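Each chain is listed here by its residues.
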Amino acid sequence: MKSDEFFALVRSWLTSYLPRSRRLSPHTIRSYKTALNTLLAFLGETRSLKLEQVGFDAITYSSMSEFISWLMDVRHLGASSANQRLAAVKSFLSYCAGEEPALVAIWLDVKRVRPARAPEHVPNALSMPAVEAMIRAPGQQTRHGLRDTLLILLMFDAAARIQEVLDLHPADIVTTPGGGAVTLTGKGRKTRTVPIMDKTGRHVEQYLKMFHPNPIDTDAWFFYTVWAGEQHQMSQDNVAYMLNKYAAIVQGQCPKVPEHVNAHQLRHARAMQMLRAGVPLPHIKEFLGHSNISTTEIYASADNQMVREAIQKAASRTPDPAPIWKGPDELILRLAGLK
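Remember, it's a predicted structure, so these values are computed and weren't measured experimentally.

(A) Highlighting the overall build of the protein. Scanning the protein from terminus to terminus reveals 14 helices and five strands. Here the contacts in the protein between residues at least 6 apart in sequence split such that 61% fall between residues at least 24 apart. Here the protein displays about 19600 Å² of accessible surface, and carbon together with sulfur accounts for 53% of that area.

(B) A look at the side chain of Thr-200. Position of Thr-200 relative to the elements: it lies in helix 9 (residues 198-211). A relative accessible area of 0% means that Thr-200 is categorised as buried.

(C) Expanded view of helix 6 (residues 128-136). Ala-130, Val-131, Ala-133, Met-134 and Ile-135 are the residues of helix 6 that are buried. Where helix 6 is buried, its residues meet helix 7 (143-157), helix 10 (236-250) and helix 11 (263-276).

(D) Region of interest: the pairing of strand 3 (residues 191-195). The alternating pattern of strand 3 places Arg-192 and Val-194 on a buried face, while none of Thr-191, Thr-193 and Pro-195, on the opposite face, is buried. Two elements, strand 2 (residues 181-185) and strand 3, share five bridges in a ladder whose sense is antiparallel. By the bridge assignment, Ala-181 is partnered in strand 3 with Pro-195. Connecting strand 2 to the antiparallel partner strand 3 that follows it, the hairpin turn spans five residues, and Gly-188 within it adopts a positive phi of roughly 70°.

(E) The arrangement of the packing of aromatic side chains in detail. Under the defined criterion, the tally for this structure stands at 15 aromatic pairs. Summarising the aromatic geometry, the rings of Tyr-207 and Phe-223 are spaced 5.3 Å apart at their centres and angled 50° between planes, so their arrangement reads as tilted. Placement of the pair is Tyr-207 in helix 9 and Phe-223 in the loop between helix 9 and strand 4 (224-227), with a sequence separation of 16 residues. The class of Tyr-207 is buried, set by a relative accessible area of 0%. Over the aromatic face of Phe-211 sits the side chain of Arg-143, whose NZ or CZ is 4.0 Å from the ring centroid. The ring of Phe-156 carries Arg-270 above its face, with NZ or CZ at 5.1 Å from the centroid.

(F) Region of interest: the nonpolar core. Within the largest apolar cluster, 56 residues are counted, with the highest numbers of intra-cluster contacts made by Met-134, Phe-222, Phe-223, Val-239, Leu-243 and Val-257. Broken down by element, the residue count for this core peaks at eight residues, all from helix 7. Setting aside anything within four residues of it in sequence, one finds Leu-243 in contact with Met-134, Ile-152, Met-155, Val-261, Asn-262, Ala-263 and Leu-266. Ranked by size, the runner-up nonpolar core spans 38 residues in total, among them Ala-58, Leu-71, Leu-86 and Val-89.

(G) Layout of the sheet that holds strand 2. The three strands are arranged 1-2-3 in an open sheet whose pairing can be described as antiparallel. Either end of the sheet is taken by a strand with one partner, and the two such strands are strand 1 (173-174) and strand 3. In the sheet, strand 1 pairs with strand 2 via two bridges, with the strands oriented antiparallel. Looking across to strand 2, one finds that Ile-173 is bridged to Val-182.

(H) Expanded view of the packing of helix 7 against helix 11. In contact at an axis separation of 7 Å, helix 7 and helix 11 are set at 45° when each is read in the N-to-C sense. When the interaxial angle is binned, helix 7 and helix 11 end up oblique. Every residue of helix 11 that contacts helix 7 at Ile-152, Met-155, Phe-156 and Asp-157 is listed here: Ala-263, Leu-266, Ala-269, Arg-270 and Gln-273.

Cut-offs applied
Residues numbered from 1 in each chain as written. Predicted model: local features only at pLDDT ≥ 70, side-chain atom pairs only at ≥ 80, totals over all residues. Heavy atoms only, no water. Helix = DSSP H or I, 4+ residues; strand = E, 2+ residues; numbered from the N terminus. Contact = heavy atoms within 4.5 Å. Areas by Shrake-Rupley, 256 points an atom, 1.4 Å probe, with all protein chains shown as cover. Buried < 20%, exposed > 50% of the residue type's maximum accessible area, 1.4 Å probe, protein only. Pairing = 2+ DSSP bridges. Phe/Tyr/Trp six-rings, centres within 6.5 Å; stacked < 30°, edge-to-face > 60°. Lys NZ or Arg CZ within 6 Å of the ring centre and 35° of its normal. Core = buried A, V, L, I, M, F, W, Y, C linked by side-chain atoms within 4.5 Å. Axes fitted to C-alpha atoms, helices over the stretch in contact; angles between N-to-C directions. Parallel < 35°, antiparallel > 145°, perpendicular 65-115°, else oblique.

In structure tokens form, the structure reads like this:
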């Protein structure tokens, strides 16, 4: 199949099928688009194919197996990120097979490619002293300080993914004392409503007075940046820059703050705090918006690992009263009562 036919299917998949038929979020569609751009880069680097030369004949079981290795070895992606790229390519080929029967064989061939094995990582959660230091870091003496304080506090308190917070509108947050809550839209456009602390609600009310004065536009972006005199949705890059800026500021005051801080570490910290407070895993699962409890169970594994490390650290400072045997022969004689 020619290159123009290949890109015609790419266009219809991204601009029509995914947003209209599948009703996927713009964020998910961007992720799929990134995967295809990465595939094109792979074919260009490893097969010397220019864009006008790319076609379905370049997408085979062999090339896609190599694609996974290239993502991890050359692009230095983790296994889970590489697997997401592969899954997006498979999804695209499934669509193409439905549109053009001649492509079914290619889809079935690539479908056999196995994802990379993703090692189970302990969640990289911030410690509570680090969380508190990060929340205090912006201060509230300036307009941006007030905004950044609330942004950090809300990401932690609601254990929200960064995009879930950036997608908020003023109508999504209730600040009633004792009944404060935020409605988040997560992966697959699934919504969940989680409670927030009263003090978070007070920060929200203060923020609304300054950034969303009456009458409040309930459809406006809750967190925004101003460019060319217009409000635009805040980006993940804005948040990443902000978090690392404050991490650098408070590191000298709180050594537990790492050199680089990301939004997911705040989410992990909240989940670990809930676990240690005795909140059952199924409740934490719903709070985090996980589709499978096996994803949530990694927090329990992480907590067990921390307990083991603490025990080992304590044991290293405890005198060992056990006798030290000189060798196996002496041990056998002692046990036999002959020495």
